[in-house]
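Next come the chains, spelled out residue by residue.
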Amino acid sequence: MTSIVSHAVTVLLVDDQRIIGEAVRRMLVNEKDIAFHYCGDPAAAQQTAAQVSPTVMLVDLVMPGIDGLSLVRGFRENPETRMIPIIVLSTTEDAKVKANAFSQGANDYIVKLPDPLELIARIRHHSAGYINLLDKNEAFRALLESQQALEVAKDQAEKATRAKSDFLACMSHDIRTPMNAIIGMTDVLLESELNAEQRTHLRVVRSAGETLLHLINSILDFSKIEAGELRLEKIAFNLREVVNDSVDITRVRAREKGLAINTEIEDEVPQSMLGDPTRLRQILINLISNAIKFTHQGEVRVKIARDKTTEPCALVFSVEDTGIGIPADKQASLFQKFMQVDSSTTRKYGGTGLGLAICRQLVELMGGRIWLESELGKGSTFRFRITAEIPKTSEPAQAQKPAANVPAAEVPPLQILLADDTPENRLLIMTYLKKTPHTLEMAVNGQLALDLYTKHAFDLVLMDMQMPVMDGYEATREIRKWELERGIAPKPIVALTAEAMAEDARRTAEAGCTEHVIKPIRKATLLDLIARYAPAPK
């Protein structure tokens, strides 16, 4: 990067008479801040100027070989010397001569030899203007270079972010695909006849699978937040339902440890609010799960209170436990990524150290803050405060997905097309539907799925998006095109995929998919999905 330097006053005298050169030198000899250079050959003036970089030039008007006016013209035509101030020295006061000098590009005109004070004043005056111009030009160049460096750094950072996002998306997809079969088949086996030992072993497998899935989700969430890709929804929802759902999800684990889990919601807390219920539920589940994990006896209490000291309405959520507590010197760093109290905590309790970092970032995205109060051996309380925007209508918006047309137990037989290139995933879906009345056709790539769809009537399509020959995106577009050309009402196409990024959901919607469902998929989820897209009874 260019640094801005301080320019000294530098004089270049071009005059064929050495006596004039010596006289000017004597005038300036005591001016310590002025550097003086003399050139007696006008033919060498351009080269000398390039060497000494003058801030002002004194040019004699009458010289042999090259007269002063030609020299002034030459300086003005040269890009390197075009802006350097030029003072013409002459022995005449003739107005025409002066006018001619100015017309050729001179900045000033002095009859030689002038009074030293006058010459020094003019030298300083013209040099100051030129130095100021140089400083501005160098500052501008430095600014341009800085901007260019910032652009390069920004481009490199964006490339690194894209590379990280691409890696995480690929990792997520490649891990979710086998996880779909592992977790799904474990659930299927747990429904079969097993002895106590086998059931225990399978529960361990399922728990390990769910832990791995939670880790994948946490890494993806944290990456999306860091990249600024996570967008919060703003819909009306029932606040008490979200809180109760969060507690119910964690209640089983609390019972296994013999812990009580209680909820207290003040009457002043509104029934419904605008926001992102999914992310609020994620924060609560994470905090409650942590409280249960680090509590061996006693209880976990979830409280929601209205902050009566502020308007608009602000809510304070608290998750209190009677667990092991957190040392005071560890509390400040606990909301940083990959941070836990110490390494023994990870060995004993597990976890990635991402959960609280994600909670903090989600709360901050909601415009709030999160903090904790804890005493070693006496438990911890995690609190977060957010502003609650109250919807204008009294009824909160409900499920964003279509409701089931008929109860799951009464769904009529459907013709279902499954497109998936992974044998394990095809076997899993087939196993899920084995004892149902539905008929399942399977295709191992998008082209075969398109061929089947155009030859048979299907009620629902389950479409994997990453397949050979023709992927799910292209297959969905072709199916929608085929339906449109024939005036056929579009049938639901559900993207059943291991692609979990927000951009993936947008891409599947743009391709024509009705819904985006991320693998692994549980049996109950699949049956509920089928019920939602089953034709309504006539």
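One structure accompanies this document, and this report is about it.

Definitions and limits used
- Residues numbered from 1 in each chain as written.
- Predicted model: local features only at pLDDT ≥ 70, side-chain atom pairs only at ≥ 80, totals over all residues.
- Heavy atoms only, no water.
- Helix = DSSP H or I, 4+ residues; strand = E, 2+ residues; numbered from the N terminus.
- Buried < 20%, exposed > 50% of the residue type's maximum accessible area, 1.4 Å probe, protein only.
- Contact = heavy atoms within 4.5 Å.
- Polar contact = N/O pair within 3.5 Å; in protein donor to acceptor, adjacent residues only side chain to side chain.
- Patch = residues over 30% accessible without salt bridge, like charges linked within 9 Å, V, L, I, M, F, W, Y side chains within 5 Å.
- Areas by Shrake-Rupley, 256 points an atom, 1.4 Å probe, with all protein chains shown as cover.
- Salt bridge = Lys/Arg side-chain N within 4 Å of Asp/Glu carboxyl O.
- Expected span 1.5 Å × (residues − 1).
- Axes fitted to C-alpha atoms, helices over the stretch in contact; angles between N-to-C directions.
- Parallel < 35°, antiparallel > 145°, perpendicular 65-115°, else oblique.
- Left-handed = near helix turned anticlockwise from the far one by under 90°.
- Nonpolar A, V, L, I, M, F, W, Y, C, P; charged D, E, K, R; others polar.
- Pairing = 2+ DSSP bridges.
- Right-handed = clockwise from strand over helix to strand, strands pointing away.
- Core = buried A, V, L, I, M, F, W, Y, C linked by side-chain atoms within 4.5 Å.

1. Some remarks on the environment of Ala505
One can find Ala505 in helix α15 (residues 502-511). Through-space distance from the C-alpha of Ala505 to that of Ala495 is 8.7 Å; in sequence the pair is 10 residues apart.

2. Looking at the environment of Gly446
Tracing the backbone shows Gly446 in helix α13 (residues 446-455). For Gly446, a relative accessible area of 0% puts it in the buried group. Measuring from C-alpha to C-alpha, the distance between Gly446 and Val469 comes to 6.9 Å, with 23 residues separating the pair along the chain. Every residue in contact with Gly446, bar those within four places of it in the chain, is listed here: Met467, Pro468, Met470, Asp471 and Ala475.

3. Observations regarding the side chain of Ser246
In this structure, Ser246 sits in helix α7 (residues 239-256). Ser246 sits in the buried class, given a relative accessible area of 0%. There is a polar contact of 2.8 Å between the side chain of Ser246 and the backbone oxygen of Val242. Excluding its chain neighbours within four sequence positions, the residues that come into contact with Ser246 are Arg281, Leu284, Ile285 and Ile288.

4. Regarding a nonpolar patch on the surface
On the surface, Phe140, Leu143 and Leu144 cluster together into a nonpolar patch covering about 280 Å² of accessible area. Judged by its relative accessible area of 44%, Leu143 is partly exposed.

5. A look at the side chain of Arg480
Inspection of the secondary structure puts Arg480 in helix α14 (residues 472-486). Arg480 has contacts with Pro490, Lys491, Pro492, Ile493, Ala511, Gly512 and Thr514, leaving out every residue within four places of it along the chain.

6. Some thoughts on α14
With 15 residues, α14 ought to run about 21 Å at 1.5 Å a step, and its terminal C-alpha atoms sit 21 Å apart, in line with that. If you check which residues of α14 are buried, you get Gly472, Tyr473, Ala475, Thr476, Ile479, Arg480, Trp482 and Glu483. Gly487 occupies a position one or two residues after α14 and carries a positive phi of about 65°.

7. Considering the pattern of salt bridges
What the rule picks out here adds up to 31 salt bridges. With its nearest N and O atoms 2.9 Å apart, the salt bridge here joins Arg532 to Glu515. With a gap of 17 residues between them, Arg532 in helix α16 (residues 523-533) and Glu515 in strand β17 (residues 515-518) connect regions that are remote in the sequence. Given a relative accessible area of 9%, Arg532 falls into the buried group. Note that Arg532 and Asp528 form a salt bridge whose closest N and O atoms lie 3.3 Å from each other.

8. A closer look at the packing of helix α2 (residues 45-52) against helix α3 (residues 68-77)
What describes two packed helices is the angle between their axes and the distance between those same axes. As a packed pair, α2 and α3 sit with axes 11 Å apart at the nearest point and diverge in direction by 45°. Between α2 and α3, the crossing angle belongs to the class labelled oblique. Taken as a pair, α2 and α3 cross one another with a handedness that is right-handed. Along the contact surface, α2 presents Ala45, Gln46 and Ala49, while α3 presents Leu71, Gly74 and Phe75. Here the contact of α2 with α3 is built from residues that sort into four nonpolar, two polar and no charged.

9. Regarding the packing of helix α8 (residues 277-293) against helix α11 (residues 355-365)
At their nearest, the axes of α8 and α11 sit 10 Å apart, and the two run at 145° to each other. The handedness of the crossing between α8 and α11 comes out as left-handed. Residue-level inspection shows Arg279, Gln282, Ile283, Asn286, Leu287 and Asn290 of α8 in contact with α11, the latter providing Gly355, Leu356, Ile358, Cys359, Leu362 and Val363. For the contact of α8 with α11, the class distribution of residues is seven nonpolar, four polar and one charged.

10. Quick notes on the pairing of strand β2 (residues 34-39)
The pairing of strand β1 (residues 9-14) with β2 spans six bridges and is classified as parallel. The residue bridging Val9 from the neighbouring strand is Ile34, located in β2. Traced from β1 through helix α1 (residues 18-28) to β2, the parallel crossover comes out right-handed.

11. Concerning the sheet that holds strand β5 (residues 108-111)
Here we have five strands laid out as an open sheet, ordered β2-β1-β3-β4-β5, and parallel in their pairing. Where the open sheet ends on each side, the last strands, each with one partner, are β2 and β5. Within this sheet the neighbouring strands show an average axis-to-axis angle of 20°, counted without direction. When strand β3 (residues 56-60) meets strand β4 (residues 86-90), the two strands line up parallel, connected through four bridges. Bridged to Met57 within β4 is Ile86.

12. Side note on the nonpolar core
Membership of the largest hydrophobic core comes to 41 residues, with the highest contact counts inside it found for Leu239, Leu280, Leu287, Phe317 and Phe384. No other element matches α8, which puts seven residues into this core. Among residues more than four places away in sequence, those in contact with Phe384 are Leu280, Ile283, Leu284, Leu287, Leu315, Val316, Phe317, Val363, Arg369, Ile370 and Trp371.

13. With respect to unusual backbone geometry
Following Lys112, the chain continues to Leu113 via a peptide bond in cis, the omega torsion being -10°. A cis amide bond, omega 0°, links Lys519 with the succeeding residue Pro520. Structurally, Pro520 can be placed in the loop between β17 and α16. Phi is positive for Ser53, which is not a glycine, with a value near 50°.

Keep in mind these values describe shape, not function.
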